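# Analysis of the macromolecular model
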Amino acid sequence: MQDTDLPIAHLVLGGARSGKSRHAEALVRAMPGPWIYIATAEARDAEMLERIARHRHDREPQWRTVEAPRALVAAIAAAPEGAPVLVDCLTLWLTNIMLSDEDVETACRQLTEAVARRRRPLVLVANEVGFGIVPDNALARRFRDHAGLLNQRLAAVVDQVTLVVAGLPLTVKGRDR
Ligand SMILES: Nc1nc2c(ncn2[C@@H]2O[C@H](COP(=O)(O)OP(=O)(O)OP(=O)(O)O)[C@@H](O)[C@H]2O)c(=O)[nH]1
């Protein structure tokens, strides 16, 4: 049962280059700022560095950027009271957790609990990774399973879920926006 007094939480799903990040940013920008952008990506090559720099350059000055490749629950908790938070993206965060020594199940449970007891509006971006063929290596299959299960757990505790396909938002939980 959801506590209707909790600030809104919204999960935005989509494939790569589906337009999910742009859609999620628009949802946050529709709320009063300042807005907190929690980035989970780690720049591992020059292309990613350039991509991140472009995103930073394009964001309005009302955005405050926080880098949280792994310590996501702490970053969400540290955001100023009431400030809307955008997390982009949970699938990269999951990748970072799987590549570290942390226990994936514990990390996913702690994140789900933090989202469920949110103190500020949250918009969470995640990839929908399960549409392709079954990967032929065990690590990729484990990643796909964890990513799908994390999306299910989060979908259960948020108010709204949107699937972005080819730039178009499809409401899969909650009211249309
Ligand atoms: N570290 C870091 N990463 C950032 C920053 N701004 C954006 N990003 C990352 O950039 C990524 C989103 O940008 P894109 O790669 O263009 O999006 P995409 O997921 O491929 O495509 P869409 O589905 O269209 O959003 C996310 O993984 C963010 O974490 C930042 O300031 N710092």
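Just above sits the structure.
First things first, this report covers the structure right here in the doc. Values in this document were obtained by computation on a predicted structure and should not be read as measured data. (Residues numbered from 1 in each chain as written. Predicted model: local features only at pLDDT ≥ 70, side-chain atom pairs only at ≥ 80, totals over all residues. Heavy atoms only, no water.)

## Some details on the environment of L124
Filter applied, for reference: By definition, any uninterrupted DSSP run of H or I lasting at least four residues is a helix, any uninterrupted run of E lasting at least two residues is a strand, and each is numbered from the N terminus. Each residue gets one of three labels from its accessible area relative to the maximum for its type: buried under 20%, exposed over 50%, partly exposed in between, using a 1.4 Å probe on protein chains only. Residue contacts follow a heavy-atom distance rule, with two residues in contact if any of their heavy atoms lie within 4.5 Å.
Relative to the helices and strands, L124 resides in strand β5 (residues 122-127). Residue classification places L124 among the buried positions, given a relative accessible area of 1%. The spacing of L124 and T106 is 18 residues in sequence and 19 Å in space, taken between C-alpha atoms. With sequence-adjacent residues up to four places away left out, L124 is seen in contact with H10, L11, V12, V87, L90, V115 and V158.

## Notes on the pairing of strand β3 (residues 63-67)
So the rule is basically this: Being paired, for any two strands, means DSSP has found at least two bridges between them. By convention a crossover is right-handed if, when the strands point away from the viewer, the path from the first strand over the helix to the second runs clockwise.
As judged from the five bridges shared by strand β2 (residues 35-39) and β3, these two strands associate in the parallel manner. Across the sheet, residue Y37 finds its bridge partner in β3, namely T65. With helix α2 (residues 46-58) bridging β2 and the parallel β3, this β-α-β connection has right-handed handedness.

## Observations concerning helix α6 (residues 138-157)
Our working rule: Here, expected helix span is obtained from the residue count minus one, scaled by 1.5 Å. What the arc describes is the spread of directions from the helix axis to the C-beta atoms. We define a polar contact as two N or O atoms separated by no more than 3.5 Å, with the added condition that, inside protein, one atom must be a possible hydrogen donor and the other a possible acceptor, whereas residues neighbouring each other in sequence contribute only through side-chain atom pairs.
The terminal C-alpha atoms of α6, which comprises 20 residues, lie 29 Å apart, in line with the 28 Å expected from a rise of 1.5 Å per residue. Those residues of α6 that sit buried are A147, L150, N151, L154 and V157. One side of α6 holds all its buried residues, which, seen down the axis, span an arc of 130°. Residues Q152 and A156 are exposed on α6 and point more than 90 degrees away from its buried face. Looking at the buried side of α6, the elements it contacts are β1 (9-14), α4 (90-99), α5 (104-116), β5 and β7 (168-173). Sitting at the amino-terminal end of α6 is N137, which places a side-chain oxygen 3.2 Å from the backbone nitrogen of L139.

## Details of the side chain of K20
Quick note on the threshold: When charges are counted, Lys and Arg contribute as positive and Asp and Glu as negative, whereas His and the chain ends are disregarded. Throughout this description, the term salt bridge denotes a Lys or Arg side-chain nitrogen within 4 Å of a carboxyl oxygen of Asp or Glu.
Secondary-structure assignment places K20 in helix α1 (residues 20-29). Among buried charged residues, K20 stands out as having no salt bridge; its nearest opposite-charge side chain is D88, 6.0 Å away. Once you skip the residues sitting within four places of it in the chain, K20 turns out to touch V12, L13, G14, G15, V125, A126, N127 and V164.

## Brief notes about the pattern of salt bridges
Side chains carrying opposite charge are able to pair once their charged atoms draw close together. For the structure shown, the criterion picks out eleven salt bridges. In this structure, E60 engages R29 in a salt bridge whose closest nitrogen and oxygen atoms are separated by 3.0 Å. Placement of E60 in the loop between α2 and β3 and of R29 in helix α1 is noted, with a sequence separation of 31 residues between them. Given a relative accessible area of 28%, E60 falls into the partly exposed group. Judged by relative accessible area, which is 36%, R29 ranks as partly exposed. Note that D145 and R144 form a salt bridge whose closest N and O atoms lie 3.9 Å from each other. Using a relative accessible area of 43% as the deciding quantity, one classes D145 as partly exposed. Here the residues in one salt-bridge network are E42, R44 and R70, joined through shared partners.

## What about the sheet that holds strand β6 (residues 160-165)?
Under the convention used in this document: Working convention: axes come from line fits to C-alpha atoms, limited for helices to the stretch in contact. Angles between N-to-C directions cover 0 to 180 degrees.
Pairing is mixed in the open sheet, where seven strands are placed in the order β3-β2-β4-β5-β1-β6-β7. In this open sheet, the two edge strands, each paired with only one partner strand, are β3 and β7. Averaged over all pairs of adjacent strands, the angle between their axes in this sheet comes to 20°, without regard to strand direction. Here four bridges tie β2 to strand β4 (residues 85-88), and the two strands are oriented parallel to one another. Residue I38 lies in a different strand from β4, and its bridge partner there is V87.

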